[in-house]
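Single-letter residue listing:
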Amino acid sequence: MNTIKRGGRPAKKPGEKRRYTVSVKLDTREYLSLKTKANTTGISRSEYIRQSISGSVIRSRLTPELNGHIRKLAGMGNNLNQIARRANAEGYTRARGEYLHLAGMIDDVIENIRNDG
């Protein structure tokens, strides 16, 4: 009738067990960075990587449409700089119409980015 007491911690539930191993190759700089950061926080490298994974936010790549909008905005920014230079040289009244047209186009591109985003 004597029950045998077994030492140790209770068994983990199936969802709590760590079953998967991921092998990652790092260069010297990356490895030393990982080692330093883990030591600074006082946790193991494995735990540091686990916490980094669960606490990180990865953003998806920009879509081709959004890249096109960004290129358009960059080109319009260049045009706006040229208009500003011309306005300083020739006077502001001559460049005003061109500026208003470009400002409208920039608003349209920004609205397209908002709709695609």
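Residues numbered from 1 in each chain as written. Predicted model: local features only at pLDDT ≥ 70, side-chain atom pairs only at ≥ 80, totals over all residues. Heavy atoms only, no water.

Draft legend 1. Focus on the pattern of salt bridges. Tallying each qualifying case throughout the model produces two salt bridges. Here Arg50 ties to Glu47 by a salt bridge, and the two come within 2.9 Å at their closest N and O atoms. In this pair, Arg50 and Glu47 both sit in helix H2 (residues 45-55), three residues apart, roughly one turn of the helix. Residue Arg50 is classed as partly exposed on the basis of its relative accessible area, which comes to 33%. Residues Arg114 and Glu111 are paired through a salt bridge, measuring 3.9 Å at the closest nitrogen-oxygen approach. With Arg114 and Glu111 both in helix H4 (residues 92-116), this residue pair falls three residues apart, about one helical turn. Look at Arg114 and you get exposed, because its relative accessible area is 62%. (Salt bridge = Lys/Arg side-chain N within 4 Å of Asp/Glu carboxyl O. Helix = DSSP H or I, 4+ residues; strand = E, 2+ residues; numbered from the N terminus. Buried < 20%, exposed > 50% of the residue type's maximum accessible area, 1.4 Å probe, protein only.)

Draft legend 2. Molecular detail of the nonpolar core. Counting seven residues, the largest nonpolar core consists of Met76, Ile83, Ala87, Ala95, Leu102, Ile106 and Val109. Where this core is concerned, the elements lending two or more residues are helix H3 (64-90) and H4. Here this core takes four residues from H4, the largest share from any one element. Those residues in contact with Ile106 that lie beyond four places of it in its chain are Leu73 and Met76. (Core = buried A, V, L, I, M, F, W, Y, C linked by side-chain atoms within 4.5 Å. Contact = heavy atoms within 4.5 Å.)

Draft legend 3. Structural context of the environment of Ile43. By secondary structure assignment, the location of Ile43 is in the loop between helix H1 (28-41) and H2. Sequence separation between Ile43 and Ile58 is 15 residues, and the spatial gap between their C-alpha atoms is 23 Å. Setting aside residues up to four positions removed in sequence, Ile43 forms contacts with Ala38, Tyr48 and Gln51.

Draft legend 4. Structural context of the packing of H1 against H2. Contact geometry for H1 and H2: axes closest at 9 Å, N-to-C directions at 90 degrees. In terms of axis orientation, H1 runs roughly perpendicular to H2. Contacts from Tyr31, Leu34, Lys35, Lys37, Ala38 and Thr41 of H1 reach H2 at Arg45, Tyr48 and Ile49. Of the residues in the contact of H1 with H2, the class split is five nonpolar, one polar and three charged. (Axes fitted to C-alpha atoms, helices over the stretch in contact; angles between N-to-C directions. Parallel < 35°, antiparallel > 145°, perpendicular 65-115°, else oblique. Nonpolar A, V, L, I, M, F, W, Y, C, P; charged D, E, K, R; others polar.)

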